[in-house]
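A structural walkthrough
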Amino acid sequence: MKFSVMADQFDVVVIGGGPGGYNCAIRAGQLGLKAACIDQRSTFGGTCLNVGCIPSKTLLHASELYEDTKTKFPKMGIVTQGVAVDLAAMMAHKNKVVGELTKGVEFLFKKNKVEGIVGAATISAPGKVSVATKEGLRELSAKHIVIATGSDVAPLPGITIDEKTIVSSTGALALSEVPGRLLVVGAGVIGLEMGSVWRRLGSEVKVVEFLDRIVPGVDAEVAKHFQRLLERQGMSFTLSSKVVGVEKKGGELIVAIEPASGGKPQFVNADVMLVATGRRPYTDGLGLDQADVTRDKQGRIVTDGDFRTSVDTIWAIGDVREGAMLAHKAEDEAVAVAEIIAGRAGHVNYDAIASVIYTYPEVATVGKTEEEVKKAGIAYRVGKFPFAANARAKSNLTTEGFVKIIADAKTDRVLGVHMIGPDVGNMIGEASLALEFSAASEDIARTSHAHPTLAEAIRQAAMGVTGWTMQM
Ligand SMILES: Cc1cc2nc3c(=O)[nH]c(=O)nc-3n(C[C@H](O)[C@H](O)[C@H](O)COP(=O)(O)OP(=O)(O)OC[C@H]3O[C@@H](n4cnc5c(N)ncnc54)[C@H](O)[C@@H]3O)c2cc1C
């Protein structure tokens, strides 16, 4: 005789426990929905907490402090004889931070009555999810399924990543020795952040980029300035070029680099090569075809403006659908979709989603770039202010960079804020709020900013939009 096992019943089953998935499950729990969140990793938090935002920022901060001991401390009268890096201890610190934060997600699940399930999930049909757990197969039934399976490293044709000498960001976050020579393929956010970590710890870093500029998507004036500052720190760039092959010989890598438009290759020797050419949506083993969920040519799950896929009760958020691959974009979509499922009006304002590069100096931008505003034919004004004229930056010896504010020439509405400078990642929230509230540059210029703070540079730049910057 066959017994049929009753499937566990949920209002919402979220597949993927990254910033998209875990925030969606938590918000669903807060709204009184019975929610489960599944991840095939043994710890929740997804790419972001396990092998992305958090470990990279931990190493960026630690390596920046180390570099400060050589560059800034002597100028400030701090004697730093004997300062050295204990890489194993630095990695242990990073792992501890990751461990505590991923455990924190489990705590939040308990607090919001979300069931966290570890296992690989497959959608067997709309409303049905099978999870391969350590204890065996578990069948769940769900009124709604939210796909938040994120993204994975995009492979580079002809290159095999071994995570030892040819690494992705995941391997670059866990090297056991400082490589003598690091070749970074791709001058995007991840390549430049990880390149900065290892350069500060002692590597010679060369970056190869297919395009004729670094950090595509960032305001061109900011990107140019950024490249100059990174070069001054010792990073070198080969632009308009592509890596076409790599050979391992005598304990080193021989990397073949061709001009982007084709031609004779040059060969560069390296100890480690970091492939940072992008990420692709991850949907392996999810059963999308059997559930009739449509993907686009890039493999992203297609959704409408409310995150609904081609199947009415299946939704998708985060890196697996279109848009910037950012943790806080996934989080915003998570909140919106949980609220829509609960019958509320969820909404994401993509114009106010900031983007940050956590190097030194940092780059932080929100809204339209000058190139985009020009292309759209909008009459605009620009206000700028350099950190060299900001009192706090001067005291801190962090005078590199500037704030640039773009506002509509007719209405004065702020269209974009682009910053390169000290701690601008922590300051961009003010600009996001300005865009969210449709602020005019005058609103920022007339808002009190505490003195002496780095944020005063934003106020001075806002004054500059209408020509009354006072402190320069
Ligand atoms: C090195 C690095 C640094 C980064 N730094 C930043 C940063 O500073 N700021 C920022 O905003 N963004 C950063 N990002 C990007 C950020 O990590 C992603 O945008 C974010 O994690 C996307 O969230 P998500 O929930 O969509 O997917 P993910 O975080 O990728 O989570 C998806 C989860 O789904 C699980 N999964 C997939 N398929 C299944 C399945 N079938 N069954 C069960 N589980 C499944 C995966 O195991 C994964 O844990 C960084 C990324 C990297 C790689």
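The notes below deal with the structure included here. (Residues numbered from 1 in each chain as written. Predicted model: local features only at pLDDT ≥ 70, side-chain atom pairs only at ≥ 80, totals over all residues. Heavy atoms only, no water.)

A closer look at empty space enclosed by the protein
Taken as a whole and assessed by the stated rule, the structure comprises one cavity of 30 Å³ or more. For the largest cavity, the calculated volume is near 40 Å³. As for the largest cavity, its lining consists of Arg181, Leu182, Leu183, Glu204, Lys206, Val268, Asn269 and Ala270. Secondary-structure elements contributing two or more residues to the lining of the largest cavity are strand E9 (181-185), strand E10 (204-208) and strand E14 (266-270). Looking at side-chain class alone, the lining of the largest cavity contains four nonpolar, one polar and three charged residues. (1 Å grid on protein atoms, 1.4 Å probe; cavity = no way out; pocket = protein on both sides within 12 Å on 5 of 7 lines; lining within 4 Å. Points joined across faces, edges and corners; volume = space filled by probe spheres on them. Helix = DSSP H or I, 4+ residues; strand = E, 2+ residues; numbered from the N terminus. Nonpolar A, V, L, I, M, F, W, Y, C, P; charged D, E, K, R; others polar.)

Overview of the pattern of salt bridges
Inspection of the entire model under this criterion finds 24 salt bridges. Glu252 is the salt-bridge partner of Arg181, the closest N and O atoms lying 2.9 Å from each other. Taken together, the positions of Arg181 in strand E9 and Glu252 in strand E13 (residues 252-259) put the pair 71 residues apart, joining distant regions of the chain. With relative accessibility at 22%, the residue Glu252 sits in the partly exposed group. Lys206 is paired through a salt bridge with Glu204; the nearest N and O atoms lie 3.4 Å apart. Glu204 gets classed as partly exposed once you look at its relative accessible area, which sits at 42%. Sharing partners across several salt bridges, the network here consists of Asp219, Glu221, Glu370, Lys384 and Lys404. (Salt bridge = Lys/Arg side-chain N within 4 Å of Asp/Glu carboxyl O. Buried < 20%, exposed > 50% of the residue type's maximum accessible area, 1.4 Å probe, protein only.)

Quick word on the packing of helix H3 (residues 53-71) against helix H4 (residues 87-111)
It is at 9 Å that the axes of H3 and H4 come closest, and there the two elements cross at 140°. Relative to H4, H3 is oriented oblique. The element H3 and its partner H4 pack so that their crossing is right-handed. In contact with Ile54, Pro55, Thr58, Leu59 and Ala62 of H3, H4 contributes Met90, Met91, His93, Lys94, Val97, Val98 and Leu101. (Axes fitted to C-alpha atoms, helices over the stretch in contact; angles between N-to-C directions. Parallel < 35°, antiparallel > 145°, perpendicular 65-115°, else oblique. Left-handed = near helix turned anticlockwise from the far one by under 90°. Contact = heavy atoms within 4.5 Å.)

What to know about the packing of aromatic side chains
Any aromatic ring pair is given by two values, namely how distant the centres are and how the planes are angled relative to each other. In this structure the tally under the stated criterion is one aromatic pair. A centroid spacing of 5.1 Å and a plane angle of 75° characterise the contact between Phe44 and Phe109, whose relative ring orientation is edge-to-face. Linking Phe44 in the loop between strand E2 (35-39) and helix H2 (46-51) with Phe109 in helix H4, this pair joins segments that are 65 residues apart in sequence. We classify Phe44 as buried; its relative accessible area is 4%. (Phe/Tyr/Trp six-rings, centres within 6.5 Å; stacked < 30°, edge-to-face > 60°.)

Thoughts on the site of the ligand
Asp39, Arg41, Thr47, Lys57 and Ala327 are the nearest of the 39 residues found near the ligand. Arg41 places a polar side-chain atom, nitrogen or oxygen, 2.7 Å from an oxygen atom of the ligand. In the environment of the ligand, an oxygen atom lies 3.3 Å from a nitrogen or oxygen atom belonging to the side chain of His328. Protein burial of the ligand: of its 1,000 Å² of free accessible surface, 95% is covered by the chains. Breaking the shell around the ligand down by element, the ones donating at least two residues are helix H1 (19-30), E2, H2, H3, strand E4 (120-125) and helix H8 (327-341). Tallying contributions element by element places H2 first for the shell around the ligand, with four residues. Residue classes in the shell around the ligand are distributed as 17 nonpolar, 17 polar and five charged. (Near = heavy atom within 4 Å. Polar contact = N/O pair within 3.5 Å; in protein donor to acceptor, adjacent residues only side chain to side chain. Areas by Shrake-Rupley, 256 points an atom, 1.4 Å probe, with all protein chains shown as cover.)

Focus on the sheet that holds strand E20 (residues 380-386)
If you walk across this open sheet you meet the five strands as E18-E19-E22-E21-E20, and the pairing is antiparallel. The outermost strands of the open sheet, each flanked by one partner alone, are strand E18 (355-357) and E20. Here the strands of the sheet are splayed against their neighbours by 10° on average, with no regard to which way each runs. In this sheet, strand E22 (residues 414-421) lies alongside strand E21 (residues 402-408) in antiparallel orientation, the contact comprising six bridges. Its bridge partner lying in E22, Ile405 is registered against Val417. (Pairing = 2+ DSSP bridges.)

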